[in-house]
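Observations on the three-dimensional arrangement
For reference, the chains in residue letters:
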Amino acid sequence: EYANTKSADLIVMGTRSLAGPQSMTSRSVTAAVIQVSDCPVLVIPSRWEIPEKITRPQKMMVALDGSTPSERALSFAVNIARNFGTEITLLHVPNTTADIAPMTAYLQRIQSFLKTQGLESQVLVEGTAPIESIPEIAKDLDIDILFLTTRGLSGFNKLMIGSITDAVIRHVDIPTVVVPMVE
């Protein structure tokens, strides 16, 4: 709430590693902030191996589901990529094989737009389960920073079913910017 009243552009928070039943039932402060924030939250996982020399992100990945609200993460990533000359990987994890062709075309249109902005990008439509696939692909590609959008579930539903974003944050070993889907 404080960040919202101060018109913050970004909140930076770390996470703690919880194991066992506590990790499934306990809601972290970071998750709670993500849930109520109107601005993006940069989440630094406790298991992140800090590079010896931090200069700038070399590679970033944006996970997109094809919805207009999910593109908020892309616009945030594009602003950072412009400043640092960072390559962007556009990722979609398909629900079914029928999603592959239309999502590839969708991401290629975004890639064409990024090219007109002088940004390098690549398109990936792969994996089968976002919670496992996104962290695995990020690790395989040596991604420095990940961008996701949260759907903003609240209350009991979020507590019980969680969200893909929360689960990915718990599995990924790199900094992740979570951009809220504000309507």
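Residues numbered from 1 in each chain as written. Predicted model: local features only at pLDDT ≥ 70, side-chain atom pairs only at ≥ 80, totals over all residues. Heavy atoms only, no water.

1. Regarding the pairing of strand E2 (residues 41–44)
Summarising the sheet, strand E1 (residues 11–14) and E2 pair through four bridges and their orientation is parallel. Looking at the pairing, Gly 14 lines up with Ile 44 of E2. (Pairing = 2+ DSSP bridges. Helix = DSSP H or I, 4+ residues; strand = E, 2+ residues; numbered from the N terminus.)

2. Describing the environment of Thr 149
One can find Thr 149 in strand E6 (residues 145–150). For the pair formed by Thr 149 and Leu 74, sequence separation is 75 residues and the distance between their alpha carbons is 9.0 Å. If sequence neighbours within four positions are ignored, Thr 149 has contacts with Pro 69, Ser 70, Ala 73, Thr 165, Val 179, Pro 180 and Met 181. Among the polar contacts made by the side chain of Thr 149, one reaches the main-chain carbonyl oxygen of Ser 70 at a distance of 3.1 Å. (Contact = heavy atoms within 4.5 Å. Polar contact = N/O pair within 3.5 Å; in protein donor to acceptor, adjacent residues only side chain to side chain.)

3. Quick notes on a negative patch on the surface
Together, Glu 126, Glu 132, Glu 136 and Asp 140 make up a negatively charged patch on the protein surface. Counting through the fold element by element, Glu 136 comes out in helix H6 (residues 130–140). (Patch = residues over 30% accessible without salt bridge, like charges linked within 9 Å, V, L, I, M, F, W, Y side chains within 5 Å. Areas by Shrake-Rupley, 256 points an atom, 1.4 Å probe, with all protein chains shown as cover. Salt bridge = Lys/Arg side-chain N within 4 Å of Asp/Glu carboxyl O. Lys, Arg positive; Asp, Glu negative; His and termini not counted. Charge placed at Lys NZ, Arg CZ, Asp CG, Glu CD.)

4. So, the pattern of salt bridges
This model, assessed by the stated rule, comprises one salt bridge. A salt bridge links Asp 173 to Arg 47, with the shortest nitrogen-to-oxygen separation between them at 2.5 Å. Residue Asp 173 is located in the loop between helix H8 (164–171) and strand E7 (176–180), and its partner Arg 47 is located in the loop between E2 and strand E3 (59–63); the two are separated by 126 residues in the primary sequence.

5. Observations concerning the packing of aromatic side chains
For the structure shown, the criterion picks out one aromatic pair. Arranged with centres 6.3 Å apart and planes meeting at 55°, the rings of Phe 76 and Phe 147 form a pair that is tilted. Of the two residues, Phe 76 sits in helix H4 (residues 71–84) while Phe 147 sits in strand E6, which places them 71 residues apart along the sequence. By relative accessible area, Phe 147 is classed as buried at 0%. (Phe/Tyr/Trp six-rings, centres within 6.5 Å; stacked < 30°, edge-to-face > 60°. Buried < 20%, exposed > 50% of the residue type's maximum accessible area, 1.4 Å probe, protein only.)

6. A few points about the side chain of Thr 15
Of note, Thr 15 is situated in the loop between E1 and helix H2 (21–25). Setting aside residues up to four positions removed in sequence, Thr 15 forms contacts with Thr 30, Val 43, Ile 44, Pro 45, Ser 46 and Ile 169.

7. Considering helix H3 (residues 29–36)
Looking at H3, one finds that the buried residues are Thr 30, Ala 31 and Ile 34. An end-on view of H3 places all buried positions within 100° of arc, on one side of the element. Turned more than 90 degrees away from the buried face of H3, the exposed residues are Val 29 and Val 36. (Arc of directions from axis to C-beta.)

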